[in-house]
Amino acid sequence: MLSVALSTLRTRWATFAGSFVALSLGVALLAVTGLVLASSQDAPERRPERFAAAPVVVRGQDTLRVSTPRGVRTHALAQPRGVPVTTLAVLRGLGPVVEDRSFPVRAEGGPGDLVGHPWSTAAFAPYVLTAGRAPRADDEVVVSGGWAVPGTRVRTDRGTVRVVGAVSERGFEHAVFYTDARAARLCPVSRQAVVDADATAVREAVRGSGARVLTGNGRRYADADPGRDGEAVTAMNALFGTAGGVTAFVSVFVVASTFAFSVAQRRREFGLLRTAGAAPGLLRRMVLTESLLVAVVASTTGCLLGAYAAPRLAASVVEHGLAPGWFTVKDHSWPYQAAFWTGLFVALGGAAAASWRAGRTGPVQALREASADPEAMTWGRWVFGAGLLLTAVVTLGAGLAGDPGDLLHRKTYVSRPLLLITAAALLAPVVVRPPARLLAGVSGRLPGAVGMLVGEGAAAGVRRTAAVAAPVLVMVALTGSLLGSTATLDGARAVEIRQRTTAAYVVTAPDGAGFDARTLRRLRGVPGAQVWPSAASEVFVLEDGPALIRSEARAADPGALAATTRLPLVAGNAADLDDGSIVVNEEWERHSVGGRVQVWLGNGTRRTLRIAAVMAVGTGGNGVWVTPANAPGAVVDRVDVALAKGADSGEVSTLLRKAVEPAGGRVLSRDEWLAAARPENDRTTWLGFVLVLGIALLYTAVSLVNTTVMATSDRVRELAVLRLAGATQRQVLRLVGAESLVVVAVGSLLGLAVAVLNLSGMRWALALLSVSAPIELPWAAVGAAAGACAVLAVLASTVGAGFALRRPAVALAGTRE
């Protein structure tokens with residue numbers, strides 16, 4: 001058996017080349033994915049940055065803790081509380097106390113992420129003076145990063161200052177140090193303090209105040225965004241996990257389709273073996289042995305490729321900011337083992353159905369001469385194709401009936417299309433017939449015999465057409481579904497923003513900053529402008545038993561909602577909002593107008609509020625609305641402006657820009673705001689889709705080229721007959737190329753249909769969530785995918801036919817399989 005399998009591999013090496021390449025790439029990508037996931041678990045413990053040299057840090061309450069029957073639930077607070085004044089007084093009795101304050105600073109010619117601190121905290125990093133001296137007056141500062149030298153005067157949103165010193169760069173921030181007195185006036189709330197005292201005594205002193213005592217490596221929680229490394233690792237793992245899932249899906253498809261087409265091509269060979277006395281079990285074992293030999297070599301090659309590629313890919317993701325700077329791929333054995341055995345089982349699983357079909361070959365198949373495709377659909381393809389199609393329909397129906405919002409989550413709209421795409425690929429011999437017949441009718445009307453032969457060849461050779469069209473279907477459907485889902489969802493969110501915004505102008509603060517009282521006074525003083533400020537906050541509620549749910553919140557005066565915002569209300573009146581009430585959405589477990597709900601505000605304060613109105617769920621951006629009294633610590637980051645009757649729009653716009661210029665704010669007209677606020681995928685999501693679609697395109701290329709070459713080699717006698725009938729070699733090559741284009745067109749139409757069906761499910765979900773938005777297909781990307789498939793198919797078919805036609809036509813016509 002082994003010798004027969006080896007002989008078959010040597011003779012039909014081109015048939016198995018596609019499976020070998022697909023498995024090698026799949027195993028390599030799985031090995032890389034496993035190495036990345038394993039290495040991400042070896043993250044070094046994050047060290048303190050700003051307070052590396054501080055003895056003890058006391059931080060105000062920054063975590064909400066809620067007791068439930070199933071334990072304590074916690075969540076970080078967007079507006080942490082400051083260290084209580086009474087607690088600071090007690091701490092001063094234990095030892096020296098340095099209060100820390102942090103606030104954003106905008107400076108002409110300076111970095112965009114400047115942050116201000118009191119000079120007394122510089123020693124805890126530690127920062128060391130490299131030039132000049134410490135600040136002594138309110139208008140004096142010390143800077144890091146070398147963007148300004150001592151003696152320079154700099155205009156900032158906090159006033160004009162003079163740089164009197166420079167400190168060494170620490171790499172984690174761009175700092176501006178003021179005197180302690182000036183920093184206290186610019187940022188009155190001290191959210192953390194450094195205490196030079198015994199840690200045990202400090203813990204005893206703050207007991208009951210809600211403050212945290214940080215020592216040792218725990219001081220890193222006093223740094224800005226201490227969880228950024230964890231978030232980056234989570235995003236990276238999600239990216240490579242999705243890539244690994246798509247790799248497994250497409251590699252199974254490619255290997256299974258290649259073996260199935262190979263068995264269909266070799267039916268006469270198997271018939272001869274059956275005539276010679278070979279039992280069905282022998283043929284099945286032969287096919288499985290062939291796949292096992294290919295899998296062992298391909299999996300080994302893939303592991304070697306993965307070991308070579310993983311360190312280089314890790315360096316690339318770090319360079320592009322998709323992973324923390326410390327991330328490197330380390331040596332782990334289990335990813336190689338998992339990838340190797342996965343490749344082995346994928347090959348055997350893909351060949352299992354083909355081996356069963358090979359065993360069913362009867363001796364009469366050795367006498368077959370017809371090239372038409374009998375029994376293009378097997379019972380296995382019917383069962384699995386119909387089963388996956390039914391599963392896709394049922395899961396979509398369950399989602400629409402149960403939780404339509406779940407269909408809008410990235411995890412769902414990335415994984416759900418794979419069911420329908422797989423079902424369509426399995427049912428390809430059935431679904432290709434209508435478009436193939438349609439295109440055959442169109443091409444048959446073209447002058448000359450080539451048009452008729454092109455269409456009829458594609459329509460008659462259903463198995464061949466399905467084998468070549470299936471990878472095109474997968475590529476076009478995956479491109480249209482993934483990119484179309486995000487485009488449709490972004491379009492729906494843009495519709496929501498357009499419907500909600502009625503302001504003539506929207507004034508926004510710089511990222512990470514807010515408008516101070518002086519800026520708001522200047523804005524309110526603009527003649528003809530009705531100014532309505534709002535602030536970003538958050539609200540927590542216990543739902544579904546012990547679940548602590550966070551909702552984004554906007555804080556605004558009730559008058560602002562009526563003047564500049566059109567909320568998608570389904571019940572109640574936004575004008576009823578006051579300091580004792582809240583506007584929620586239908587996603588909340590309790591959303592009856594007039595009912596009361598217990599919530600925790602953004603600083604952890606517990607309140608019981610009355611529900612004034614209820615909004616539709618929408619795409620998930622409809623959070624809650626509260627008054628400023630229920631958003632303690634939140635800073636105004638947006639100001640909606642309505643024009644008074646008779647006000648000059650141009651004059652108001654000019655005065656608004658002048659009013660926010662010192663704070664660095666932006667003034668946008670309604671149309672400009674809608675364009676700027678249109679949701680877009682973040683860089684990580686975009687790169688993730690590029691990676692997934694790149695893998696799909698690579699596999700499509702392998703499958704398409706391999707299947708096309710196999711299909712062309714199977715038509716050698718047919719092409720030779722055309723030569724003997726008087727066709728020139730150029731005419732035959734044009735025929736082969738044109739037929740490849742027709743088959744790619746069939747696959748593209750089916751892939752487009754699958755993408756439209758997937759996007760229709762999202763459109764129905766949006767309609768149930770009270771969002772009216774059209775389906776957005778990424779025509780450019782779909783066209784590029786179909787075009788790439790067309791180029792590959794034409795090149796593979798014409799090059800293969802060209803090589804075959806180098807022999808005399810008489811000799812080719814007598815060729816037997």
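Quick note: structure is the one above.
Given the structure is predicted, the values throughout are model-derived calculations rather than measurements.

Colleague: Break down the overall build of the protein chain for me, citing the residues and quoting the values.
Modeller: Scanning the protein chain from terminus to terminus reveals 24 helices and 23 strands. Expressed as a percentage of its 817 residues, the buried residues of the protein chain come to 49%. The long-range fraction of contacts in the protein chain, counting pairs at least 24 apart against all pairs at least 6 apart in sequence, stands at 79%. With an accessible surface of roughly 35,900 Å², the protein chain has 59% of that area assigned to carbon and sulfur atoms.

Colleague: Quick one: what's the story with the side chain of Gln192, residue by residue and with numbers?
Modeller: Along the chain, Gln192 falls in strand β12 (residues 192-195). Here the side chain of Gln192 touches Ala222 through a polar contact of 3.1 Å, landing on its backbone oxygen. Sequence-distant contacts of Gln192, defined by excluding residues within four places in its chain, comprise Arg50, Phe51, Val57, Val58, Arg59, Val83, Glu99, Asp100 and Ala222.

Colleague: How would you explain the packing of helix α16 (residues 517-524) against helix α18 (residues 649-660) if you had to name every residue and give the values?
Modeller: Where α16 contacts α18, the axes come no closer than 9 Å and their chain directions differ by 165°. Judged on the interaxial angle alone, α18 and α16 are roughly antiparallel. As for how α16 packs across α18, the hand of that crossing is right-handed. On α18, the residues touching Thr519, Arg522 and Leu523 of α16 are Leu656, Ala659 and Val660. Counted by class, the contact of α16 with α18 contains 4 nonpolar, 1 polar and 1 charged residues.

Colleague: Would you mind going over the pattern of salt bridges in detail, with residue names and values included?
Modeller: All chains considered together, the criterion is met by 19 salt bridges. One salt bridge connects Glu173 with Arg50, and the closest N-O pair in it is separated by 3.9 Å. One end of the pair, Glu173, is in the loop between β10 (159-167) and β11 (174-178); the other, Arg50, is in the loop between α2 (13-40) and β1 (56-59), with 123 residues separating them in the sequence. A relative accessible area of 6% places Arg50 in the buried class. The residue Asp157 makes a salt bridge to Arg158 at a minimum N-O spacing of 4.0 Å. Classification of Arg158 by relative accessible area gives buried; the value is 17%. The network of salt bridges with shared partners includes Arg50, Asp100 and Glu173.

Colleague: Can you lay out the sheet that holds β1 for me, pointing to particular residues and giving the numbers?
Modeller: Strand pairs in the sheet, formed through backbone hydrogen bonds, run parallel or antiparallel to each other. Ordered by their spatial adjacency, 4 strands build an open sheet running β4-β12-β1-β13, and the pairing between neighbours is antiparallel. In the strand order of this sheet, the two ends are held by β4 (97-100) and β13 (212-214), each with one partner. Recorded for the sheet is a direction-independent mean angle of 25° between the axes of neighbouring strands. Here β4 runs beside β12; their pairing, made up of 4 bridges, is antiparallel.

Colleague: How would you sum up the pairing of strand β9 (residues 153-156)? Please name residues and give values.
Modeller: Residues of β9 alternate between two faces, with Val154 and Thr156 buried on one and Arg153 and Arg155 left unburied on the opposite face. Of the pairings in the sheet, the one linking β9 to β10 comprises 4 bridges and is antiparallel in character. When the sheet's bridge partners are listed, Thr156 is paired in β10 with Gly159. Connecting β9 to the antiparallel partner β10 that follows it, the hairpin turn spans 2 residues.

Colleague: Would you mind going over helix α22 (residues 729-768) in detail, with residue names and values included?
Modeller: Its 40 residues place the ends of α22 59 Å apart at the C-alpha level, agreeing with the 58 Å of an ideal helix rising 1.5 Å per residue. Directly after α22, the chain includes Ser770, whose backbone phi takes a positive value near 65°.

Colleague: Lay out helix α19 (residues 670-677) in plain terms, naming residues and giving numbers.
Modeller: If you check which residues of α19 are buried, you get Trp673, Leu674 and Ala677. For α19, the angular spread of buried residues about the axis comes to 100°, placing them on one side. Exposed residues pointing more than 90 degrees away from the buried face of α19 are listed as Asp671 and Ala675.

Colleague: Can you break down the packing of aromatic side chains residue by residue, with the values?
Modeller: Per the stated rule, a full pass over the model turns up 7 aromatic pairs. Centroid distance Phe340 to Trp341: 5.5 Å. Interplanar angle 90°. Geometry classified as edge-to-face. Among the aromatic residues, ring-to-ring pairing joins Trp119, Tyr127, Phe172 and Phe177 into one connected group. The ring of Tyr221 is capped by Arg212, whose NZ or CZ atom sits 5.4 Å from the centre of that ring. Note that Arg312 overlies the ring of Tyr308, its terminal NZ or CZ placed 3.9 Å from the centroid.

Colleague: Tell me about the environment of Glu552, and name the residues and values.
Modeller: Position of Glu552 among the secondary structure elements: in strand β16 (residues 547-556). Sequence separation between Glu552 and Glu538 is 14 residues, and the spatial gap between their C-alpha atoms is 4.6 Å.

Colleague: If you had to explain a nonpolar patch on the surface to someone new, which residues and values would you point to?
Modeller: Taken together, the side chains of Trp379, Trp382, Val383, Phe384 and Val430 present a nonpolar region at the surface, about 540 Å² in accessible area. Among the elements that take part in the nonpolar patch, helix α10 (residues 379-401) stands out by supplying 4 residues, more than any other. Mapped onto the elements of the fold, Val430 is located in helix α12 (residues 428-431).

Colleague: Got a sec to walk through the nonpolar core? Specific residues and values, please.
Modeller: If you look at the biggest cluster of nonpolar residues, it comprises 56 residues, and the most contacted ones within it are Leu408, Ile421, Val432, Leu478, Leu482 and Leu766. Elements with a minimum of two residues in this core: α10, α11 (410-426), α13 (433-444), α15 (462-500), α20 (683-713), α22 and α23 (779-804). When residues in this core are grouped by element, the largest group, 15 residues, is from α15. Contacts of Leu766, omitting those with residues within four sequence positions, involve Leu408, Thr488, Leu489, Ala492, Thr619 and Val771. The next biggest cluster of nonpolar side chains, apart from the first, holds 18 residues, and it includes Tyr505, Val639, Val652 and Leu656.

Colleague: Please set out the environment of Arg730 residue by residue, giving values where relevant.
Modeller: Here Arg730 lies in helix α22. Along the primary structure Arg730 and Gly802 are separated by 72 residues, whereas in three dimensions their C-alpha atoms are 9.1 Å apart.

Colleague: So what about the environment of Phe340? Which residues, and what values?
Modeller: Along the chain, Phe340 turns up in helix α9 (residues 334-359). When the C-alpha positions of Phe340 and Val296 are compared, they lie 8.0 Å apart, and in sequence the two are 44 residues distant. Residues within four places of Phe340 in sequence aside, it is in contact with Val27, Val296, Ser299, Thr300 and Cys303.

Colleague: Provide a residue-level description of unusual backbone geometry, including the pertinent values.
Modeller: Here the residue pair Ala125 and Pro126 is connected by a cis peptide bond, since its omega of -5° sits within 30 degrees of zero. Look at Ser770: it is not a glycine, yet its phi comes out positive at around 65°. Tracing the backbone shows Ser770 in the loop between α22 and α23. For Ser770, a relative accessible area of 52% gives the class exposed.

Colleague: I'd love a proper account of the packing of α11 against α22, names of residues and values included.
Modeller: Between α11 and α22, the shortest axis-to-axis distance is 10 Å and the interhelical angle comes to 140°. With respect to their mutual orientation, α11 and α22 come out oblique. Two packed elements cross with a definite hand, and for α11 against α22 that hand is right-handed. Between α11 and α22, the residues in contact are Tyr413, Arg416, Pro417, Leu420, Ile421 and Ala424 and Val754, Leu757, Asn758 and Met762, respectively. Tallied by class, residues from the contact of α11 with α22 come to 8 nonpolar, 1 polar and 1 charged.

Colleague: Would you mind going over the side chain of Arg638 in detail, with residue names and values included?
Modeller: You can see Arg638 is positioned in strand β22 (residues 636-643). Residue classification places Arg638 among the buried positions, given a relative accessible area of 19%. At 2.9 Å, the side chain of Arg638 and the side chain of Asp640 are in polar contact. If near-sequence neighbours (up to four positions away) are discounted, Arg638 is found in contact with Thr501, Val506, Val507, Trp532, Pro533, Ser534, Arg554 and Trp673.

Calculation notes
- Residues numbered from 1 in each chain as written.
- Predicted model: local features only at pLDDT ≥ 70, side-chain atom pairs only at ≥ 80, totals over all residues.
- Heavy atoms only, no water.
- Helix = DSSP H or I, 4+ residues; strand = E, 2+ residues; numbered from the N terminus.
- Buried < 20%, exposed > 50% of the residue type's maximum accessible area, 1.4 Å probe, protein only.
- Contact = heavy atoms within 4.5 Å.
- Areas by Shrake-Rupley, 256 points an atom, 1.4 Å probe, with all protein chains shown as cover.
- Polar contact = N/O pair within 3.5 Å; in protein donor to acceptor, adjacent residues only side chain to side chain.
- Axes fitted to C-alpha atoms, helices over the stretch in contact; angles between N-to-C directions.
- Parallel < 35°, antiparallel > 145°, perpendicular 65-115°, else oblique.
- Left-handed = near helix turned anticlockwise from the far one by under 90°.
- Nonpolar A, V, L, I, M, F, W, Y, C, P; charged D, E, K, R; others polar.
- Salt bridge = Lys/Arg side-chain N within 4 Å of Asp/Glu carboxyl O.
- Pairing = 2+ DSSP bridges.
- Expected span 1.5 Å × (residues − 1).
- Arc of directions from axis to C-beta.
- Phe/Tyr/Trp six-rings, centres within 6.5 Å; stacked < 30°, edge-to-face > 60°.
- Lys NZ or Arg CZ within 6 Å of the ring centre and 35° of its normal.
- Patch = residues over 30% accessible without salt bridge, like charges linked within 9 Å, V, L, I, M, F, W, Y side chains within 5 Å.
- Core = buried A, V, L, I, M, F, W, Y, C linked by side-chain atoms within 4.5 Å.

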